[in-house]
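What the coordinates show
Below, each chain spelled out in residue letters.
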Amino acid sequence: MLEVSVKKELEGFSLDVQFISEAKSVALFAPSGSGKSLTLQAIAGLLKPDEGRIKVVDRVFFDSSKRFFLPPQKRRVGYLFQDYALFPHMTVWENVSYGCRDEKRVEEVLKMLEIQDIRNRFPREISGGQKQRVALARALAFEPKVLLLDEPFSALHKSLKLELYKRLREVVGEFSIPMVLVTHDFDEVFELTDYVVIMEKGEVKQTGVPVEVFFNPIDGKVAKLLGHQSFLSGKVVFVMDGYVEVRLGDRRKQILRAKNFPEDLKEGENVFVSILPFAVALNPLEDSVKISAVVKDIFREKDKSVVILDLGGDVVLHLPFSLSPNYIIEKGREADFYLSPSCISVFRRCYEKES
Ligand SMILES: Nc1ncnc2c1ncn2[C@@H]1O[C@H](COP(=O)(O)OP(=O)(O)OP(=O)(O)O)[C@@H](O)[C@H]1O
């Protein structure tokens with residue numbers, strides 16, 4: 001559905017991005033300055049690659065081997081930015097119908113995004129969330145073949161974002177439009193897309209289904225980017241069907257069991273383990289693993305307690321507030337926890353080891 005192969009040398013930055021995805025919605029996820037927006041611009045035709053091929057569904061946009069470059073105006077791309085880019089001197093209706101002569105279509109998108117009632121207002125007279133809905137309506141009105149979203153929700157409040165995610169899922173589903181979303185927010189990746197491309201310094205580091213990538217980051221850098229917090233080093237002592245056991249490098253030789261690990265992992269390999277904050281199991285289930293560790297600190301938050309354990313490195317665990325009274329946990333004392341192997345990931349390289 002989306003094929004992107006883009007090479008572009010810019011002054012001080014090289015873009016070399018390749019991925020193919022059959023998913024309808026793809027996220028480009030990376031730290032700032034990794035080339036996400038440039039990749040989007042290449043798909044839109046605003047940046048001409050030196051080399052490569054871009055295909056969206058069944059339409060080739062660019063193919064350097066055939067010297068083919070489809071001009072941006074012929075790509076029918078709906079582009080949405082963080083700053084809305086609405087025309088300030090035009091009403092909502094005029095903004096949405098700009099470039100679309102089909103009034104029925106304009107009415108349809110206004111209705112779908114519930115902005116019929118503000119059709120006569122100017123952008124300065126509506127809220128940030130409404131502005132973004134108008135911008136989305138304008139992008140949809142001219143029947144795009146693909147929607148390109150460059151951090152369109154980053155300026156909005158969380159509750160507004162959730163509302164817009166819902167709308168976006170509905171309209172994209174209804175009009176069956178493929179979408180490429182640039183974001184810094186992995187929650188957004190989960191909410192809106194079926195495939196994620198993780199980039200770094202102009203290159204692709206990892207691709208896949210968001211949930212699989214989240215639990216199986218290829219290295220500590222990606223894990224950190226995805227929000228993993230607790231990293232420990234250890235050695236694989238046992239590989240079995242669906243599990244590995246890792247002996248931590250700490251004094252007590254604690255064994256951890258993990259369900260997320262590279263397929264070709266071998267016994268004896270030195271690895272890194274990430275324990276996710278929500279790894280605490282409610283009960284000592286059959287496959288959960290018991291750890292005993294000194295509590296270094298506890299922070300009470302609105303809905304949870306954040307506990308920092310010393311396991312030869314700091315391990316951050318979240319305890320739901322409702323469960324906290326069941327635990328006898330005190331700063332400076334040893335406590336026992338059961339961890340679920342499905343919330344423990346093993347990978348080969350950690351961030352400290354990389355340049
Ligand atoms: N026209 C250009 N010429 C030269 N360098 C550029 C040009 N446009 C962008 N860059 C550089 O390319 C790099 C990647 O930029 P890009 O905007 O694609 O990053 P990004 O991943 O989208 O970042 P952010 O999340 O901050 O928007 C940056 O270092 C940027 O300064």
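Use the structure listed above.
For clarity, every value in this text was computed on a predicted model and none was experimentally measured. (Residues numbered from 1 in each chain as written. Predicted model: local features only at pLDDT ≥ 70, side-chain atom pairs only at ≥ 80, totals over all residues. Heavy atoms only, no water.)

**Description of the overall build of the protein**
Stated precisely, the cut-off is as follows: A run of H or I in DSSP becomes a helix once it reaches four residues, and a run of E becomes a strand once it reaches two; helices and strands are each numbered from the N terminus. Think of it in three bands: residues with accessible area under 20% of the maximum for their type are buried, residues over 50% are exposed, and the middle band is partly exposed, with areas taken using a 1.4 Å probe on protein chains only. The contact criterion used is simple: two residues touch if any of their non-hydrogen atoms lie within 4.5 Å. Every accessible area reported is derived by Shrake-Rupley at a probe size of 1.4 Å, with residue values counting cover from the shown protein chains alone. Residues counted as positive are Lys and Arg, residues counted as negative are Asp and Glu, and His and the chain ends are not counted. For the purpose of locating charges, the reference atoms are NZ of Lys, CZ of Arg, CG of Asp and CD of Glu.
The number of helices and strands found in the protein is eight helices and 20 strands. With the C-alpha coordinates aligned to their principal axes, the bounding extent of the protein is approximately 70 × 50 × 35 Å. Residues classed as buried in the protein amount to 50% of the 355 residues present. Taking the intrachain contacts of the protein between residues at least 6 apart in sequence as the baseline, contacts between residues at least 24 apart amount to 64%. Here the protein has roughly 17,500 Å² of accessible surface; of this, 49% comes from carbon and sulfur atoms. Separation of charge centres in the protein, based on 51 positive and 52 negative side chains, amounts to 2 Å.

**Here's the deal with the site of the ligand**
Here is the rule: Throughout this document, a residue counts as near a molecule or strand when at least one of its heavy atoms sits within 4 Å of that molecule or strand. Under the rule applied, a polar contact is a pair of N or O atoms within 3.5 Å (in protein, one hydrogen donor and one hydrogen acceptor; residues adjacent in sequence only if both atoms are side-chain atoms).
Inspection of the region around the ligand gives 13 residues, with Ser32, Gly33, Lys36, Ser37 and Leu38 positioned closest. A distance of 2.9 Å separates an oxygen atom of the ligand from a polar atom in the backbone of leucine 38. When the ligand sits alone it has 640 Å² of accessible area, and the protein chains cover 60% of it. Top element by residues in the shell around the ligand is helix H1 (residues 36-44). It accounts for three residues.

**Quick look at H1**
Burial within H1 is extensive, with seven of its nine residues counted as buried. Among all positions of H1, only Lys36, Leu38, Thr39, Leu40, Ala42, Ile43 and Ala44 are buried. Where H1 ends, the next residue or the one after it, glycine 45, has phi of about 90°, a positive value.

**So, the sheet that holds strand E18 (residues 314-320)**
To keep things clear, this is the line we draw: Two strands are said to pair when DSSP picks up at least two bridges between them. To define axes, lines are fitted to C-alpha atoms, for helices over the stretch in contact only, and angles between the resulting N-to-C directions are given on a 0 to 180 degree scale.
Spatially, E18-E17-E16-E19 is the arrangement adopted by the four strands of the open sheet, whose pairing is antiparallel. Lying at the two open borders of the sheet, with one neighbouring strand each, are E18 and strand E19 (334-339). With strand direction ignored, the average angle separating the axes of adjacent strands in the sheet is 50°. Of the strand pairs in this sheet, strand E17 (residues 304-310) and E18 are connected by seven bridges, and their pairing is antiparallel.

**What to know about the packing of helix H3 (residues 103-112) against helix H5 (residues 158-175)**
Using the following cut-off: Lys, Arg, Asp and Glu make up the charged group, whereas Ala, Val, Leu, Ile, Met, Phe, Trp, Tyr, Cys and Pro make up the nonpolar group; the residues left over, Gly among them, are polar.
Between H3 and H5, the least distance of the axes is 11 Å, while the angle of their chain directions is 145°. Taken together, the residues of H5 that come into contact with H3 (itself represented by Arg105, Glu108, Val109 and Met112) are Arg167, Glu170, Val171, Glu174 and Phe175. In terms of residue class, the contact of H3 with H5 is built from four nonpolar, no polar and five charged.

**Looking at the sheet that holds strand E12 (residues 230-240)**
The five strands lie next to each other as E14-E13-E12-E15-E20, forming an open sheet whose pairing is antiparallel. Each edge of the open sheet is held by one strand with a lone partner, namely strand E14 (255-258) and strand E20 (344-347). Neighbouring strand axes in the sheet, compared pairwise and without regard to direction, differ in orientation by 40° on average. Relative to E20, strand E15 (residues 270-275) is paired through four bridges, and the arrangement is antiparallel. Each bridged residue has a counterpart across the sheet, and for valine 273 the counterpart in E20 is valine 346.

**Points about H5**
Note the following rule: Multiplying 1.5 Å by the residue count of a helix minus one yields the expected span of that helix.
A rise of 1.5 Å per residue sets the reference length of H5, with its 18 residues, at 26 Å; its end C-alpha atoms lie 26 Å apart and thus fit the reference within 8%. Considered for burial, the residues of H5 that qualify are Lys161, Leu164, Tyr165, Arg167, Leu168, Val171, Val172 and Phe175. Against H3, helix H4 (128-141), strand E8 (146-150), strand E9 (179-183) and helix H6 (186-192) lie the buried residues of H5. Remark: serine 176 follows H5 within two positions and exhibits a positive phi of approximately 55°.

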